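Below are the chains, spelled out letter by letter.
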Amino acid sequence: MSLLVDLSSSSLDPGYAEAAARRGDGPGGARPRPGPALALGVLAATLLIVIAAVQAHVRAPAAGRTRADLAASVTRQAHAVDALAHEVAGLRAAVGRLRDTELAGTATGAQLSARIRAEEIASGTAAVTGPGVEVTLGDAPGNGATGGGSTRNRVLDRDLQAVVNALWAAGAEAVAVDGQRLTASSAIRQAGDAILINFTPVSGPYRVQAVGDPVAIETAFAASATAGLMRSYSQLYGLRFDYSRETELRLPAAAEETLRYAHPVPSPTARGGHR
Amino acid sequence: MIVLLAVVAGVVSGLVLQPNVPLDLQPYLPIAVVAALDALFGGVRAWLEGIFDDKVFVVSFVGNVLVASLIVYLGDKLGVGGELSTGIVVVLGIRIFSNAAAIRRHLFRA
């Protein structure tokens, strides 16, 4: 307590009393003429206070501005990425066309061209269209945006993985989720509240499109254990789960894989053919 | 008169120049302001009591600001910056209040 008492009883800088004693005039004496030092001190103090006020005033909306700027920049970059992806798709299609016209001249060339097409479709690097089945998965309604709490009424990455695997098993020739074509190296995984497919975040309701024989896929998928599980989830937790046959689905191409380590094994027949 | 001029000059130059405080110094600005207020109130009280001395005022002002900033800086380095800032605000706040009370007594005799 004595500290606080000291603090409030000797709140005036003792230097003033000492200086007054040195000058030899006690309290109540003649007030000294204010000098330039005083003006300088007052100037510095006022300046400091004004600077602090200006800073506080300037900084308050700056945080909000930074946030808005960041959000705008993210949107801009996302648009740029979309545009570039579109350009890549167009250029790749042009390359394919040029290659086909170049190869169409000879019989072996035409054969090669057809084989490249088939390989592209199988590897997911060519856009495809055809009949198939579309499965829709969605979070249960009334799911708060809090993200915490229960994940029972949300679609998880493993649900999507199971559905995709069931579609492959049912005979799908090409599968895409929300416009993200799945290839041999695609990953479907949860990152926080979002699901990433090919490292692109997608949001529900998730449309899983599978190109293939619609009747065969639908029959096999409907009978699969995954479909049974999803149906019971839908009854228990209100998840959205339905599927339908489609006469025409358009699946985009996946981004081209850059193979860094894998090299094709030189086939003996090809070598023999060249000789 | 000279004091009023200094106040006006400080406000005007602060508003006109709008100096950009470096990011590293920004955390110490509020503490420096509290220290400056303490020096100002002390100076006014000393002036009213007739023992004002401009050298003491300037030295106490600069010293207060520097020491307060230094303590907060040290606290930041040690991980107790917030606590030390609170301590400084409490100590200087008590001084400001009791100086303000003394000024009030001098001015209004109440």
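Every chain is numbered on its own, with residues counted from 1 as its sequence reads. For this description, chains carry letters from A and ligands carry numbers from 1, given in the order in which they are written. Local features are withheld for residues below a pLDDT of 70 in this predicted model, meaning they are given only at 70 or higher, and side-chain atom pairs are given and counted only at 80 or more; totals for whole chains, interfaces and linings count all residues.

Student: Sorry, what's going on with the pairing of strand β7 (residues 206–211) of chain A here?
Tutor: Along any regular strand the residues' side chains alternate between the sheet's two faces. All names here are of chain A. Within β7, five of the six residues are buried, leaving the element largely enclosed by the surrounding structure. Any two strands with at least two DSSP bridges between them are considered paired. In this description a helix means any DSSP run of H or I spanning at least four residues, a strand means any run of E spanning at least two, and both kinds are numbered starting from the N terminus. As paired elements, strand β1 (residues 128–138) and β7 share six bridges and run antiparallel to each other. Looking at the pairing, V133 lines up with A210 of β7. Here strand β2 (residues 174–177) pairs with β7 via four bridges, running antiparallel. Within the sheet, the bridge partner assigned to V175 lies in β7 and is A210. A residue is called partly exposed when the number of other C-beta atoms within 10 Å of its own lies between 12 and 20, exposed at 12 or fewer, and buried at 20 or more, with C-beta atoms placed from the backbone.

Student: How do you make sense of the interface of chain A and chain B when you look at a structure like this?
Tutor: Bring the parts together and some accessible area is lost; that lost area is often taken as the interface size. Facing the 36 residues of chain A at the interface are 43 residues of chain B. Elements supplying a minimum of two residues to the side of chain A that touches chain B: α1 (2–9), α2 (14–23) and α3 (36–103) of chain A. Among the residues forming the side of chain A that touches chain B, the class breakdown is 25 nonpolar, nine polar and two charged. What counts as a contact is two residues whose backbone-derived C-beta atoms lie within 7 Å of each other. Gly counts as polar in this scheme, as do all residues outside two lists: the nonpolar Ala, Val, Leu, Ile, Met, Phe, Trp, Tyr, Cys and Pro, and the charged Asp, Glu, Lys and Arg.

Student: Is there a simple way to think about the packing of helix α3 (residues 54–78) of chain B against helix α4 (residues 81–108) of chain B in this case?
Tutor: Each pair of packed helices can be summarised by the angle the axes make with each other and by the distance between the axes. All names here are of chain B. Interaxial distance between α3 and α4 falls to 7 Å at its minimum, and their mutual angle equals 155 degrees. With respect to α4, the axis of α3 lies roughly antiparallel. Counted together, A68, I71, V72, G75 and D76 of α3 and G81, E83, L84, S85 and I88 of α4 form the full contact between these two elements. Taken together, the residues of the contact of α3 with α4 break down into five nonpolar, three polar and two charged. An axis is simply a line fitted to the C-alpha atoms; with a helix, the fit covers only the stretch in contact. Between two such axes, the angle follows the N-to-C directions and lies from 0 to 180 degrees. Working rule for angles: under 35 degrees goes down as roughly parallel, over 145 as roughly antiparallel, 65 to 115 as roughly perpendicular, anything else as oblique.

Student: What is the right way to read the environment of E256(A) from this model?
Tutor: Assignment of secondary structure puts E256(A) in the loop between β8 (240–251) and α8 (268–274). For the pair E256(A) and G124(A), spaced 132 residues apart in the sequence, the C-alpha separation amounts to 8.5 Å.

Student: Would you take a moment to explain helix α2 (residues 29–49) of chain B for this structure?
Tutor: For an α-helix, the turn length of 3.6 residues means that residues three or four places apart are oriented alike. Residues and elements named next belong to chain B. The end-to-end C-alpha distance of α2, which contains 21 residues, comes to 30 Å, matching closely the 30 Å that a straight helix rising 1.5 Å per residue would cover. Where burial is concerned, most of α2 is hidden: 16 out of the 21 residues are buried. Two residues or fewer past α2, G50 is found with a positive phi of approximately 80 degrees. A helix is expected to span 1.5 Å multiplied by its residue count minus one.

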